[in-house]
Amino acid sequence: MAAYLCPPAVIHGEHTVKTSQIVAEVHGRHPDAAWAPRIDGIAASTGIETRGWMLPLETAVAPGKGNGLPAAGVGPTREALAGDGFTEQDVDRVIAALESIPAPQTVQERTAPAWEAVQNYGERAARGALQIAGLDAADVDCVITSNSTTPALPGLDVALANKLGLRSDVMLLPATQWACIAGTRSLALAADLVAADPDRVVLVVIAEALSTTYQPADDTLESLIVRLLFADTAVAAVVTGRQRAESVLRLDASWNHTLPGTQDLHRLDTREDGTHFVMDRRGPRAVQETVTAMWDWLGARYQDDPDSWHPDVLLAHPGGTRVLEYMEQTMPDGWPSGLLDHSRDSYTTGNRGGAAVFDIMRRAHDAGQKPGSRAVLYAAAPGLTATALEGQWL
């Protein structure tokens, strides 16, 4: 399978949003929610104190341009009220009251600025990755893109082709629904592409504005947790079929796993006021099943050397601290401690979704890895589906 990966470029959201700001905003908006007395403890349990967003918190909580009037407009509303026996003076008062009520942002109002940010951040990450790899836009043969939270057609792939000035014959492969698994699955696909043509240069770009799932009016506990978890990030990396001076990691094998009947555990719902991320409490346990399956894959891959083989670093995006703890508890006996240190470090500034594994990889690279060190990359996503890769630092 051998594919060679250059260090990724990572562009964090430039607007710092503190957990204390989110807690204050949510508590002020929903003081009577059932979970309100526990909000400080819930926030502290995430272990996240700050996260970076592409747009400021004020943008997410701002009212929409509309008001409380029905979509039919003033005329039909007046007629309906008059038909119910309201006097003209009463109708005027009701209309004025409705016009003073701010409406939540519409899908367009919420998504349009985020989509612009995703394109800009994606371009910056792509240019950074090419510079790191010592390549120009003209060298790129294929672009794989992923962005789940800002759907658009044409998508990020076409936007980057124009912004970067890519060749007209570049293969564009958008994968907008990979979500949290985008990091590992894009690398697995890139590895297959360069295996078919070792001279091919693949650019992977993932840009996620997960802050678009921050829904101010939603008073569910799940929505509170979503508000506290997500960060915005754009990442990019170059994958080649031949080793380059800039290559830092060789990818040797990949593995995919999908659990049947789990498609409703985590999902994005598009509603009148935008995108909502819906979480089911059974999700972590289902993700744990994919972790167990990954251990089985690695055990089978190294069954001739089970006692001496182990990864030197585990770059894992399982979505939360509970699964990280489960991974540590279920690792084969004899594996060293600290394999998930970089994964934990990344999570302290937010869940980056599909961009997470590249961010974790960058942290591991910057910390220094000895040539020959063995790495396992893992991610799980709504579906529930998982992809892992195994390779070696160069």
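The model shown is predicted, which means the values in this text are computed figures rather than measured ones.

(A) Region of interest: the overall build of the protein chain. The helix and strand inventory of the protein chain stands at 13 helices and 14 strands. Radius of gyration (C-alpha) of the protein chain: 23 Å, near the 21 Å computed for a compact globule of 394 residues. Along the first, second and third principal axes, the C-alpha atoms of the protein chain reach 85 × 50 × 35 Å. For the protein chain, contacts bridging at least 24 residues in sequence account for 81% of all contacts bridging at least 6. Counting every atom, the protein chain has about 17,100 Å² of accessible surface; 50% of that belongs to carbon and sulfur. In the protein chain, 31 side chains carry a positive charge and 49 a negative one; their mean positions are 3 Å apart.

(B) Focus on unusual backbone geometry. Backbone torsion omega between leucine 153 and proline 154 reads 0 degrees, so that peptide bond is classified as cis. Here proline 154 shows up in the loop between β5 (142-146) and α7 (156-164). Backbone geometry places alanine 179, a non-glycine residue, at a positive phi of 55 degrees. As for its position among the elements, alanine 179 is in the loop between β6 (171-174) and α8 (182-196). According to the relative accessible area criterion, alanine 179 is buried, its value standing at 18%.

(C) Representation of the pairing of strand β10 (residues 266-271) within the structure. Summarising the sheet, β10 and strand β11 (residues 274-279) pair through six bridges and their orientation is antiparallel. Its bridge partner being in β11, arginine 267 is matched across the sheet by valine 278. In this structure, the hairpin formed by β10 and β11 is closed by a connection of two residues.

(D) Structural view of the pairing of strand β9 (residues 249-258). Pairing analysis gives three bridges linking strand β1 (residues 3-5) to β9, with the strands arranged antiparallel. By the bridge assignment, alanine 3 is partnered in β9 with leucine 251. Examined bridge by bridge, β9 and strand β14 (residues 385-393) share nine bridges and lie antiparallel to one another. Counted as the bridge partner of threonine 258 is threonine 385 from β14.

(E) Spotlight on the environment of leucine 394. Relative to the elements of secondary structure, leucine 394 occurs in the segment after β14. Counting along the chain gives 183 residues from leucine 394 to serine 211, while the straight-line C-alpha distance between them is 36 Å.

(F) Main features of the nonpolar core. Membership of the largest hydrophobic core comes to 39 residues, with the highest contact counts inside it found for Leu187, Val202, Met361, Leu377 and Trp393. When residues in this core are grouped by element, the largest group, seven residues, is from α8. Beyond its immediate sequence surroundings of up to four residues, leucine 377 is in contact with Thr184, Leu187, Leu249, Leu315, Val357, Met361, Thr387, Ala388 and Leu389. The next biggest cluster of nonpolar side chains, apart from the first, holds 32 residues, and it includes Cys6, Ala9, Val205 and Ala234.

(G) Representation of the UniProt feature "domain: Chalcone/stilbene synthase N-terminal" (unreviewed entry) in the protein chain. As annotated in UniProt, the feature "domain: Chalcone/stilbene synthase N-terminal" (unreviewed entry) corresponds to residues 105-240 in the numbering used here. Along residues 105-240 one finds 44% helix and 18% strand; the C-alpha atoms at either end are 43 Å apart.

(H) Summary view of the state of the cysteines. Under the counting rule described, the total for this entry stands at zero disulfides. With no disulfide of its own, cysteine 6 lies 15 Å from the sulfur of cysteine 142, the closest cysteine sulfur. Residue cysteine 6 is classed as buried on the basis of its relative accessible area of 0%. Here cysteine 142 falls in the buried class, since its relative accessible area comes to 0%.

(I) Geometry of the packing of aromatic side chains. Applying the stated criterion to the full structure yields five aromatic pairs. An aromatic cluster of at least three residues, connected via ring pairs, comprises Trp295, Tyr302, Trp309 and Trp335. In this structure, arginine 124 is placed above the aromatic ring of tyrosine 121, and the distance from its NZ or CZ to the ring centre is 5.0 Å. Above the plane of the ring of tyrosine 214 lies arginine 227, whose end atom (NZ or CZ) is 5.2 Å from the centre.

(J) Representation of helix α11 (residues 321-330). Burial in α11 covers these residues: Val323, Leu324, Tyr326 and Met327. End-on view of α11: buried residues confined to an arc of 160 degrees, all on one side of the axis. Of the exposed residues in α11, the ones pointing more than 90 degrees away from its buried face are Arg322 and Gln329.

(K) Inspection of the pattern of salt bridges at higher detail. In the structure shown here, the tally under the stated rule is 18 salt bridges. One salt bridge connects arginine 167 with aspartate 169, and the closest N-O pair in it is separated by 2.9 Å. On the basis of relative accessible area, arginine 167 is assigned to the partly exposed category, the value being 30%. Classification of aspartate 169 by relative accessible area gives exposed; the value is 54%. Residues arginine 250 and aspartate 252 are paired through a salt bridge, measuring 2.6 Å at the closest nitrogen-oxygen approach.

About the cut-offs
Numbering of residues begins from 1 in every chain and follows the order in which that chain's sequence is written. In keeping with the model being predicted, local features are shown solely for residues with a pLDDT of at least 70 and side-chain atom pairs are shown and tallied solely at 80 or more, while totals for entire chains, interfaces and linings include all residues. To obtain the side-chain values, all non-hydrogen atoms of the structure were used and water was disregarded. Strands here mean DSSP runs of E at least two residues long; helices mean DSSP runs of H or I at least four residues long; both are numbered from the N terminus. Two things to know: the radius of gyration comes from C-alpha atoms, and the globule rule equals 2.2 Å times the number of residues to the power 0.38. Throughout, a contact is declared for two residues whenever any of their heavy atoms are within 4.5 Å. Here, Shrake-Rupley sampling with a 1.4 Å probe gives the accessible areas, and only protein chains in the shown set may cover a residue. Charge counting follows a simple rule: Lys and Arg are positive, Asp and Glu are negative, and His as well as the terminal groups are ignored. Positions of charges follow a simple convention, taking NZ of Lys, CZ of Arg, CG of Asp or CD of Glu. Relative accessibility thresholds used throughout: buried, under 20% of the residue-type maximum; exposed, over 50%; partly exposed, between the two (1.4 Å probe, protein chains only). When DSSP finds two or more bridges between two strands, those strands count as paired. Take the buried Ala, Val, Leu, Ile, Met, Phe, Trp, Tyr and Cys residues and link them wherever side-chain atoms come within 4.5 Å; each set so joined is a nonpolar core. UniProt positions are given in the numbering used here, feature names are shortened, and annotations may be inferred rather than shown by experiment. Disulfides are defined as cysteine sulfur pairs within 2.5 Å. Pairing of aromatic rings covers Phe, Tyr and Trp, the last through its six-membered ring, and needs centres within 6.5 Å; plane angles under 30 degrees mean stacked, over 60 mean edge-to-face, and all others mean tilted. Throughout this description, the term charge over a ring refers to an Arg CZ or Lys NZ atom that lies within 6 Å of the ring centre and within 35 degrees of the ring normal. To obtain the arc, one takes the directions from the helix axis to the C-beta atoms. We count a salt bridge whenever a side-chain nitrogen from Lys or Arg sits within 4 Å of a carboxyl oxygen from Asp or Glu.

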